[in-house]
Amino acid sequence: MTEQPGGEFPGCSVQPVDSVEGVPIERHTRWVLYAPPGFPESTENILDVDGIGPRLHIDGDLQTWFDDDGVADHVWGYLERWESNG
């Protein structure tokens with residue numbers, strides 16, 4: 001994640017939205033990000049995900065999920081390839 005260049009945020013999981021048996025993860029166009037509570041909820045973040053490559057961004061808002069006691073469990077949101085306008 002490059003909120004700070006070269007920074008890392010451990011404990012994240014990325015999965016393809018449309019899972020097709022045998023298709024490598026990097027060949028998909030959209031992914032779901034699951035991250036621990038406290039993950040920076042900014043759509044300006046550009047991420048580099050192992051196995052997919054650099055330049056992914058958060059598409060829309062991240063949402064925080066809470067357990068039955070009201071404690072934050074995880075955040076999730078969608079990722080897409082980052083498209084530069086320049």
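Residues numbered from 1 in each chain as written. Predicted model: local features only at pLDDT ≥ 70, side-chain atom pairs only at ≥ 80, totals over all residues. Heavy atoms only, no water.

Asker: Please clarify how the pattern of salt bridges should be interpreted in this entry.
Answerer: Two side chains that carry opposite charge are able to pair once their charged atoms sit near each other. As enumerated under the stated definition, the model contains 2 salt bridges in all. Of the charged contacts in the structure, one is a salt bridge between Glu 80 and Arg 30, with a shortest N-O distance of 3.5 Å. Here Glu 80 is found in strand β5 (residues 72-81), whereas its partner Arg 30 is found in strand β2 (residues 30-35), with 50 residues between them in sequence. Overall, the relative accessible area of 27% leaves Glu 80 in the partly exposed class. A cluster of three or more residues bridged by salt bridges with shared partners is formed by Arg 30, Asp 59 and Glu 80. (Salt bridge = Lys/Arg side-chain N within 4 Å of Asp/Glu carboxyl O. Helix = DSSP H or I, 4+ residues; strand = E, 2+ residues; numbered from the N terminus. Buried < 20%, exposed > 50% of the residue type's maximum accessible area, 1.4 Å probe, protein only.)

Asker: Can you help me understand the sheet that holds β5 in this one?
Answerer: Hydrogen bonds along the backbone pair up the strands of a sheet, which may run parallel or antiparallel. Taken in spatial order, the 5 strands of this open sheet run β1-β2-β5-β4-β3, and their pairing is antiparallel. On the outer flanks of this sheet lie β1 (13-16) and β3 (46-49), each paired with one strand and no other. Put simply, the sheet's adjacent strands are angled 40 degrees from each other on average, direction ignored. The pairing of β3 with strand β4 (residues 53-66) spans 3 bridges and is classified as antiparallel. Across the sheet, the residue bridging to Ile 46 is His 57, located in β4. (Pairing = 2+ DSSP bridges. Axes fitted to C-alpha atoms, helices over the stretch in contact; angles between N-to-C directions.)

Asker: Sorry, what's going on with the nonpolar core here?
Answerer: Among soluble globular proteins, nonpolar side chains are generally buried collectively. One finds Val 14, Phe 39, Leu 47, Val 49, Leu 56 and Leu 79 to be the most contacted residues of the largest nonpolar core, which totals 13 residues. Elements represented by at least two residues in this core include exactly β2, β3, β4 and β5. (Core = buried A, V, L, I, M, F, W, Y, C linked by side-chain atoms within 4.5 Å.)

Asker: Just to check I follow, could you spell out the packing of aromatic side chains for this structure?
Answerer: Aromatic rings considered in pairs are described by the distance between their centres and by the relative angle of their planes. Following the criterion strictly, the structure yields 1 aromatic pair and no others. Between the aromatic rings of Trp 76 and Tyr 78, the centroid separation amounts to 5.4 Å while the plane-to-plane angle is 85 degrees, which identifies the pairing as edge-to-face. The ring of Tyr 78 carries the charged tip of Arg 30 above its face, separated from the ring centre by 4.2 Å. (Phe/Tyr/Trp six-rings, centres within 6.5 Å; stacked < 30°, edge-to-face > 60°. Lys NZ or Arg CZ within 6 Å of the ring centre and 35° of its normal.)

Asker: Sorry, what's going on with the pairing of β2 here?
Answerer: Taken residue by residue, a regular strand's side chains alternate between the two faces of the sheet. As paired strands, β1 and β2 are joined by 4 bridges and run antiparallel to one another. Pairing of Val 14 across the sheet is with Leu 33, part of β2. Bridge analysis of β2 against β5 gives 6 bridges, and the strand direction is antiparallel. The residue of β5 that forms the bridge with Tyr 34 is Trp 76.

Asker: I tried to follow the environment of Ala 35 on my own but got confused; where do I start?
Answerer: Relative to the helices and strands, Ala 35 is located in strand β2. Taking the C-alpha atoms as reference points, Ala 35 and Pro 10, 25 residues apart in sequence, are found 8.3 Å from one another. Contact partners of Ala 35, with chain neighbours within four places excluded, come to Gly 11, Cys 12, His 74 and Val 75. (Contact = heavy atoms within 4.5 Å.)

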